[in-house]
Amino acid sequence: MPNSPEDKKRVLTRVRRIKGQCEALERALESGASCASVLQQIAATRGAINGLMAEVLETHIREEFSASEDGEKIKELLVLVRSYLK
């Protein structure tokens with residue numbers, strides 16, 4: 001979990017954006033929107049959730065390992081993690 005106020009604010013902003021996307025998806029389903037439109041909204045929501053997960057994981061890695069490990073190795077690990085989350 002992000003501990004700094006900046007990280008926490010950034011994560012909460014992402015969560016609120018995802019909440020809005022989910023609400024829009026719900027409205028689209030209720031109104032009978034086209035399948036293509038619904039699938040596009042689902043893909044956008046999934047991308048937003050993946051971005052949230054990447055940000056929380058990156059913050060965790062930086063907070064847990066930056067004090068005791070080599071900074072370059074942490075950067076390499078973050079690049080690797082980001083590539084798998086896309």
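Placed above this text is the structure.
Presented here is an overview of the structure given in this document. Values in this document were obtained by computation on a predicted structure and should not be read as measured data.

**Examining a nonpolar patch on the surface**
- A grouping of Leu77, Leu80 and Tyr84 is seen on the molecular surface, where their side chains present a nonpolar patch of about 340 Å² in accessible area.
- Tracing the chain through its elements places Leu80 in helix α3 (residues 71-85).

**Considerations on the packing of helix α1 (residues 5-31) against helix α2 (residues 35-65)**
- Taken N-terminus to C-terminus, the directions of α1 and α2 make an angle of 165 degrees; their axes are 10 Å apart at the nearest point. One finds that α1 runs roughly antiparallel with respect to α2. Seen from above, α1 lies across α2 with left-handed handedness.
- Across the contact of α1 with α2, the residue classes tally to 15 nonpolar, five polar and five charged.

**Things to note about the pattern of salt bridges**
- In total, this model carries three salt bridges according to the counting rule given.
- A salt bridge links Asp7 to Arg10, with the nearest nitrogen and oxygen atoms 2.3 Å apart. With a gap of three residues between them, Asp7 and Arg10 both fall in helix α1, about one helical turn apart.
- Using a relative accessible area of 41% as the deciding quantity, one classes Arg10 as partly exposed.
- Taken together, the salt bridges that share partners define one network made up of Asp7, Arg10, Arg14 and Glu55.

**Details of the environment of Glu26**
- Take Glu26: it is sitting in helix α1.
- The sequence separation of Glu26 and Val38 amounts to twelve residues, and the corresponding C-alpha distance is 9.3 Å.

**Quick look at the side chain of Glu55**
- Within the secondary structure, Glu55 sits in helix α2.
- Among the polar contacts made by the side chain of Glu55, one reaches the side chain of Arg10 at a distance of 2.5 Å.
- In this structure the side chain of Glu55 is engaged in a polar contact, spanning 2.4 Å, whose partner is the side chain of Arg14.
- Here Glu55 is in contact with Arg10, Val11 and Arg14, once residues within four sequence places are set aside.

About the cut-offs
- Residues numbered from 1 in each chain as written.
- Predicted model: local features only at pLDDT ≥ 70, side-chain atom pairs only at ≥ 80, totals over all residues.
- Heavy atoms only, no water.
- Patch = residues over 30% accessible without salt bridge, like charges linked within 9 Å, V, L, I, M, F, W, Y side chains within 5 Å.
- Areas by Shrake-Rupley, 256 points an atom, 1.4 Å probe, with all protein chains shown as cover.
- Salt bridge = Lys/Arg side-chain N within 4 Å of Asp/Glu carboxyl O.
- Helix = DSSP H or I, 4+ residues; strand = E, 2+ residues; numbered from the N terminus.
- Axes fitted to C-alpha atoms, helices over the stretch in contact; angles between N-to-C directions.
- Parallel < 35°, antiparallel > 145°, perpendicular 65-115°, else oblique.
- Left-handed = near helix turned anticlockwise from the far one by under 90°.
- Nonpolar A, V, L, I, M, F, W, Y, C, P; charged D, E, K, R; others polar.
- Buried < 20%, exposed > 50% of the residue type's maximum accessible area, 1.4 Å probe, protein only.
- Polar contact = N/O pair within 3.5 Å; in protein donor to acceptor, adjacent residues only side chain to side chain.
- Contact = heavy atoms within 4.5 Å.

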